[in-house]
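Examination of the molecular architecture
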Amino acid sequence: MLLLALFEELRRPATLQELSARLELPKSSAMYLLKTLQQMGYLTFNATRQDYFPSARLRRLTMWMEDSPGVDAPVASIMRNLHEAFGETVAVGVRNDLYLQYLGAIESQSVIRYAIAAGDQRPLAESAMGWRLLAAMDDEAAEQVFRRSAIQLETPPFDPKVTPRDLARIREQDGYFRQDLERPYRAMTIAMLLPGEFNGQLRVMGIGGPTERILPNAPEIARTMRQLIRELADPQPSPGSSGR
């Protein structure tokens with residue numbers, strides 16, 4: 001809902017006038033929406049200031065997602081380790097039909113960086129992490145995604161001579177390096193699959209940033225990422241355990 005996304009951006013109470021203007025809604029429509037959510041207990045209304053703010057009830061509705069297996073503690077640990085080691089943006093995502101949807105991210109602190117937030121989406125066919133998920137499909141299923149995406153999202157068309165070969169190369173190296181020329185700067189992402197699933201979907205992790213920073217470190221990033229993911233998939237017994 002756009003209203004809730006707006007409150008996430010504002011992070012403060014807002015008046016009817018401000019909300020209707022930002023949502024580009026007539027005041028009457030915005031008033032109906034706000035009053036309905038207030039009556040349902042999802043918004044609070046300050047009569048003195050004449051402003052609205054999400055209620056504790058709304059937070060409770062989504063608290064169960066805070067411990068979601070999409071970004072559980074072991075995965076979050078890998079994200080932190082990669083971020084601390086290389087200083088770049090690290091994200092985890094899943095397929096959402098024709099899109100890659102991010103489950104979580106730790107952004108680089110550099111001025112020029114990938115800016116990602118949980119819930120953001122990008123077309124699978126236009127993201128390195130999306131291509132890694134597409135490479136996990138068989139060629140026929142991946143081709144269908146590319147063709148639907150080209151029609152519905154106007155992404156680059158499927159090339160029968162090039163695309164299957166590119167997908168095969170990704171499968172062989174278990175990591176994907178890609179120049180993202182759609183952004184105002186040249187960027188590169190390294191993406192790999194994670195063990196386990198989220199809501200029945202494969203998960204993918206990516207680390208990315210400007211090509212000039214990623215490319216020189218790409219081999220070390222890939223080695224570190226593979227090792228951390230391997231340890232997640234096959235954890236070693238702790239010292240002193242009996243092994244029984």
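Bear in mind that the values here come from a model prediction, so they are computed numbers and not experimental data.

When helices and strands are tallied, the protein shows nine helices and nine strands. A total of 244 residues make up the protein; the buried ones form 39% of that total. Intrachain contacts of the protein at a sequence separation of at least 6 include 54% that bridge at least 24 residues. Total accessible area computed for the protein in this model is approximately 14,100 Å², and 52% of it derives from carbon and sulfur atoms.

A general tendency of soluble globular proteins is for nonpolar side chains to be buried together. Counting 25 residues, the largest nonpolar core has Leu100, Met129, Leu134, Phe146 and Leu167 as its most contacted members. Listing elements by their share of this core, those giving two or more residues are strand S5 (99–106), helix H6 (128–135), helix H7 (139–152), helix H8 (163–173) and strand S8 (187–198). Tallying contributions element by element places H6 first for this core, with six residues. Filtering out sequence-adjacent residues up to four positions away, Leu167 remains in contact with Trp131, Leu134, Ala135, Asp139, Ala142 and Phe146. Counting residues in each nonpolar core, the second largest holds 19 residues, with Met79, Val90, Leu194 and Ala222 among its members.

Glancing now at the sheet that holds strand S1 (residues 14–15). The strand order across the open sheet formed by three strands is S1-S3-S2, and the pairing between neighbours is antiparallel. Edge positions in the open sheet fall to S1 and strand S2 (43–46), since each of these has one partner strand only. Two strands pair when backbone bridges link them, and S2 and strand S3 (residues 51–54) are joined in this way by four bridges, in the antiparallel orientation. The residue of S3 that forms the bridge with Leu43 is Pro54. Lying on the sheet, helix H1 (residues 2–10) is in contact with S1, S2 and S3; it crosses S3 at an angle near 95°.

Relative to each other, helix H2 (residues 16–23) and helix H3 (residues 27–39) sit at 110°, their axes nearing to 9 Å. Relative to H3, H2 is oriented roughly perpendicular. Every pair of crossing elements has a handedness; the one defined by H2 and H3 is right-handed. For the pair H2 and H3, the contacting residues are Leu16, Gln17, Leu19 and Ser20 in the first and Lys27, Ala30, Met31 and Leu34 in the second. Its residues placed into classes, the contact of H2 with H3 shows five nonpolar, two polar and one charged.

Thresholds applied
Residues numbered from 1 in each chain as written. Predicted model: local features only at pLDDT ≥ 70, side-chain atom pairs only at ≥ 80, totals over all residues. Heavy atoms only, no water. Helix = DSSP H or I, 4+ residues; strand = E, 2+ residues; numbered from the N terminus. Buried < 20%, exposed > 50% of the residue type's maximum accessible area, 1.4 Å probe, protein only. Contact = heavy atoms within 4.5 Å. Areas by Shrake-Rupley, 256 points an atom, 1.4 Å probe, with all protein chains shown as cover. Core = buried A, V, L, I, M, F, W, Y, C linked by side-chain atoms within 4.5 Å. Pairing = 2+ DSSP bridges. Axes fitted to C-alpha atoms, helices over the stretch in contact; angles between N-to-C directions. Parallel < 35°, antiparallel > 145°, perpendicular 65-115°, else oblique. Left-handed = near helix turned anticlockwise from the far one by under 90°. Nonpolar A, V, L, I, M, F, W, Y, C, P; charged D, E, K, R; others polar.

Read these as layout, nothing more, since geometry by itself doesn't imply function.
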